[in-house]
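Summary of structural features
Okay, here's what each chain looks like letter by letter:
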Amino acid sequence: MASKRMLKCCKGVLSCCSGPPPDMAPIGVRIKVLDRYVVIDNGIIQLTLSNPDGIVTSIQYNGVDNLMEILNKEDNRGYWDIVWNDQGHSGVFDVIKGTNFSIVAQDDDHVEVSFTRMWDPSLQGKLVPLNIDKRFIVVRGSSGFYTYGIYEHLEGWPDFSIGETRVAFKLRKDKFQYMAMADNRQRVMPMPDDRLPGRCQQLAYPEAVLLTNPMNPYLRGEVDDKYQYSCDDKDNKVHGWISFDPPIGFWQITPSDEFRTGGPLKQNLTSHVGPTTLAMFMSAHYAGDDLSPKFINGEYWKKVFGPVFMYCNSSCDGSDPTLLWEDAKVQTVIEMEIWPYSFPASKDFEKSWQRGSVSGCLLVQDRYVNDMDIPASQAYVGLALPGETGSWQRECKGYQFWSQADEFGNFYISNVRTGSYNLYAWVPGFIGDYKLETTITISSGEDVNVGDLVFKAPRDGPTLWDIGIPDRSAAEFYIPDPNPNYVNRLYINHPDKFRQYGLWERYAEIYPDSDLIYTIGESDYSRDWFFAHVTRKNDDNSYKAATWQIKFQLDTVSQDATYKLRVALAAAALSELQVRFNDATLNRPHFTTGLIGRDNAIARHGIHGLYWLYNIDVQSGWLVQGENIIYLTQNRTASPFQGIMYDYIRMEGPPTSG
């Protein structure tokens, strides 16, 4: 259980000490309960929580009396919070404060404490109708602590919905000024004061500012926006902050995605200027209201969020402190290897022996690609609450368990909580979603082998042409350089250049007089297909629709036959895609999606939101021999952020025999 003690770099210069010196055995965990505070100490880290609120007021580590922001009020340092709605209230932000404290486990090896807040009808309209139990755990020899929460809505309680719930930690701004969340996503960050009037200029929305007079002059002229540091949940394992004097790291480690919502591609915030570190459990970010769970008709619900691990490390000899990031990655692997943890006391958190597993092999059937079934290489295969095909990306009440298949399509999903699930999958390189119609019930200790499964990928006829790569992202398309006046230097010459601010405005600059025209056989989607189908700004600051064209040749048109146009979208924000064939003036389009999407991925620098797939029957009478033009119009134009991102477009000919 003890944290990794020492990390050596390749030259043997640096050692990261996150525990006691090697010649000192870690002492037992001690707890002191005072009138207003609870103090837990293992000789490495001292955690102080308010009593009975359960707010982290102090973290003492490596000679620093408090890593939390001492200038903040005590209830604005380390806390659980929730945003909730009911019939009379919308967007209520609630820092969850307990009303009762108890010690649930105590010995030399670990201490676990509980802060509960119970609901009753007298609190209707005042507090979210949930029983909430916040837990904190400190173990022997560890330079960190764990926290998890248990939310329960009893049968018959009032209807409500959750917009967001998370744990937030606000660190000392005089020490933590370097943030890291990936090998290629780490930097010196602005100070929180830099976002105040006189030091910045607000841009198109409050989260984005241009630093005009930052305390660190090197940052002048850069854009700061917390959404530039968002991350897919599948990649969101560790992030945090580094202090250079003294060299200390503070990291939020999430060893499992099982309690997060929306599956592996759901995007969430991580760390941002504050210095703030978040453990996000539920949010509508990059998805919209679809990812806000709604509890109606008095339904019963209970869920465990976490545990997550708050890890501290330090450099013994003052060598390059950025290597603390390397140690944090090692610790993340350790935490993942011992998941599910054996030490949480709550019976609601199932241990490894109580869980089961699912294994099998997924194949793809597409006779226009291969006569044989194809191994679903690198497929994402997961378990989520029973629902419709593809419903996993909007599922936000239960648990989800995902794995990635090997090159042969073999998959193994381990440590699955007991319960009933559908098995879902999607395969990079193929459009559409797979769902095993049989419900899978997991019992304690049970290993379920589902055998060979075949995903019949959407396909009617041969490919006449296609644009893009079916991978649920628009990253392969043309992403312009940002306006040089609105740059985040981290993302210059970076694979995630889509995270730069203001790229939606670059479309009209690149296409000042007419909209995008893509010619099959001549154009290159990496150069000629703009990554987002956005609105165009008028001189009076209103916006108008942009109509893109796809030009393609048909040597012949099969009469009385049906062609197929498949349009996969990677994102949509209050948009409507209209499709017309060979006549842009048609009042009524041949196809429309209707109003879709609230993921706001364009404004929030995402390269995808939720996935949408449209399979459009194309009548032969809409086509002509020779040159054809498909007109794509996004006609909702109230905002610059209304638009779509395409994942992949494919035109199929009529089915062929044989």
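The structure displayed is predicted, hence computed values, not measured ones.

A few words on the overall build of the chain. Scanning the chain for helices and strands turns up three helices and 46 strands. A compact globule built from 658 residues should have a C-alpha radius of gyration of about 26 Å, and the chain, at 27 Å, falls within 12% of that. If one aligns the C-alpha atoms of the chain with their principal axes, the spans along those axes are about 85 × 60 × 60 Å. In the chain, which comprises 658 residues, the share counted as buried stands at 59%.

The UniProt record marks residues 377-449 and 463-651 with the feature "domain: Rhamnogalacturonan lyase" (unreviewed entry), using the residue numbering of this structure. End-to-end, the C-alpha atoms of residues 463-651 are 6 Å apart, and along that stretch the chain is 5% helix and 39% strand.

With that settled, the discussion passes to the pattern of salt bridges. Close approach of charged atoms allows side chains of opposite charge to pair. Going through the model one piece at a time under the given rule, you end up with 44 salt bridges. Between Lys 97 and Asp 75 there is a salt bridge, and its shortest N-O distance comes to 2.9 Å. Of the two residues, Lys 97 sits in the loop between β7 (89-95) and β8 (100-106) while Asp 75 sits in the loop between β5 (56-61) and β6 (78-86), which places them 22 residues apart along the sequence. Lys 97 sits in the partly exposed class, given a relative accessible area of 29%.

Let's shift gears to the side chain of Lys 134. Note that Lys 134 resides in strand β10 (residues 131-139). Despite its burial, Lys 134 pairs with no opposite charge; the closest candidate is Asp 53, at 7.4 Å N-O. For Lys 134, the side chain forms a polar contact with the main-chain oxygen of Gly 54, separated by 3.0 Å. Of the polar contacts made by the side chain of Lys 134, one reaches the backbone oxygen of Ile 96; its length is 2.7 Å. With near-sequence residues (within four places) excluded, Lys 134 lies in contact with Asp 53, Gly 54, Ile 55, Trp 80, Ile 96, Lys 97, Gly 98, Val 113, Ser 114, Phe 115 and Tyr 148.

Moving on: the environment of Phe 531. Secondary-structure assignment places Phe 531 in the loop between α3 (525-528) and β36 (533-534). Separated by 54 residues in sequence, Phe 531 and Phe 477 place their C-alpha atoms 5.0 Å apart. With sequence-adjacent residues up to four places away left out, Phe 531 is seen in contact with Ala 474, Phe 477, Tyr 478, Ile 479, Pro 480, Leu 503, Ile 607, Met 645 and Tyr 646.

Parameters at a glance
Residues numbered from 1 in each chain as written. Predicted model: local features only at pLDDT ≥ 70, side-chain atom pairs only at ≥ 80, totals over all residues. Heavy atoms only, no water. Helix = DSSP H or I, 4+ residues; strand = E, 2+ residues; numbered from the N terminus. Rg over C-alpha atoms; globule rule 2.2 N^0.38 Å. Buried < 20%, exposed > 50% of the residue type's maximum accessible area, 1.4 Å probe, protein only. UniProt positions renumbered as here; feature names shortened; annotations may be inferred. Salt bridge = Lys/Arg side-chain N within 4 Å of Asp/Glu carboxyl O. Lys, Arg positive; Asp, Glu negative; His and termini not counted. Polar contact = N/O pair within 3.5 Å; in protein donor to acceptor, adjacent residues only side chain to side chain. Contact = heavy atoms within 4.5 Å.

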